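Observations on the three-dimensional arrangement
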Amino acid sequence: MSQKFELSQPITPTCPNCGGSMRETAEGSPQSHACKFGHGFNVADMDPSELERMWNAVAIAFRTLNERAELCRRMAKVSKAGGQTYSSERWEKSWREAEHRAGVLRRFLDKSSICE
């Protein structure tokens, strides 16, 4: 399965605590934002919160790819042992793809300073 991700400019920032949309508030400088649940942030507070949220998302993606690779590896082994050539090949292809994607993510993180 191949998905193409395209991002457009967000209409509003999202709350680092709950993910809900935020609105600008008139109080404070620099600009302050609040979500519908009352979580409030100024721009300086949002930066470390967004970086933490980004790091958590990357960690989840990396862990999920690792778990997928292991599941597919196991299924390829079981299918091969059962003489299911087509299934074995399909699972092995999925295993290699998950490993490749995890490797790409790992290399990106090794070279990136986005989470510092």
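The notes below deal with the structure included here. The residue numbers shown here count from 1 along each chain, following its written sequence. This being a predicted model, a pLDDT of at least 70 is required before a residue's local features are given, and a value of 80 or more before pairs of side-chain atoms are given or counted; all residues contribute to the totals for chains, interfaces and linings. As a rule here, side-chain values come from all non-hydrogen atoms in the structure, and water together with hydrogens is ignored.

1. Quick word on the pattern of salt bridges
In plain terms, the rule: By definition here, a salt bridge exists when the distance from a side-chain nitrogen of Lys or Arg to a carboxyl oxygen of Asp or Glu is within 4 Å. Working definition: helices are DSSP H or I runs of at least four residues, strands are E runs of at least two. Numbering for both runs from the N terminus. The buried label applies to any residue whose accessible area, calculated with a 1.4 Å probe on protein chains only, is under 20% of its type's maximum; exposed applies above 50%, and partly exposed to all values in between.
The full count for this structure, using the stated rule, is six salt bridges. Among the salt bridges present, the one from Arg63 reaches Glu67, with a minimum N-O distance of 3.5 Å. On the criterion of helical spacing, the pair formed by Arg63 and Glu67 is a turn pair, its members being four residues apart in helix 1 (residues 43-81). Residue Arg74 is joined to Glu70 by a salt bridge in which the shortest nitrogen-to-oxygen separation is 2.9 Å. Pair noted here: Arg74 and Glu70 are both in helix 1, with a separation of four residues, about one helical turn. Looking at Arg74, the relative accessible area reads 51%, which means it is exposed. Members of the salt-bridge network, linked through shared partners, are Glu70, Arg73 and Arg74.

2. Quick look at the state of the cysteines
Here is the rule: A pair of cysteine sulfur atoms is labelled a disulfide when the two atoms are within 2.5 Å.
Tallied over the full model, the rule gives zero disulfides. Cys15 carries a free sulfur, and the closest cysteine sulfur to it, the one in Cys18, is 3.8 Å from it.

3. Focus: the sheet that holds strand 2 (residues 32-35)
What counts is decided by this rule: The pairing criterion is simple: DSSP has to find at least two bridges between the two strands. Comment: axis = line fitted to C-alpha atoms, over the contacting stretch for helices; angle = value between 0 and 180 degrees taken between N-to-C directions. It only takes one pair of heavy atoms within 4.5 Å for two residues to be counted as in contact.
Pairing is antiparallel across the open sheet formed by three strands, whose spatial order is 1-2-3. Looking along the sheet, the strands with just one partner apiece sit at the ends: strand 1 (22-25) and strand 3 (40-42). Across the sheet, the mean angle from the axis of one strand to that of its neighbour is 30 degrees, orientation sign disregarded. One ladder, built from four bridges, connects strand 1 with strand 2; its direction is antiparallel. Within strand 2, the position partnered with Arg23 by the bridge is Ala34. Along the sheet, helix 1 contacts strand 1, strand 2 and strand 3; its crossing angle with strand 3, the most-contacted strand, is approximately 105 degrees.

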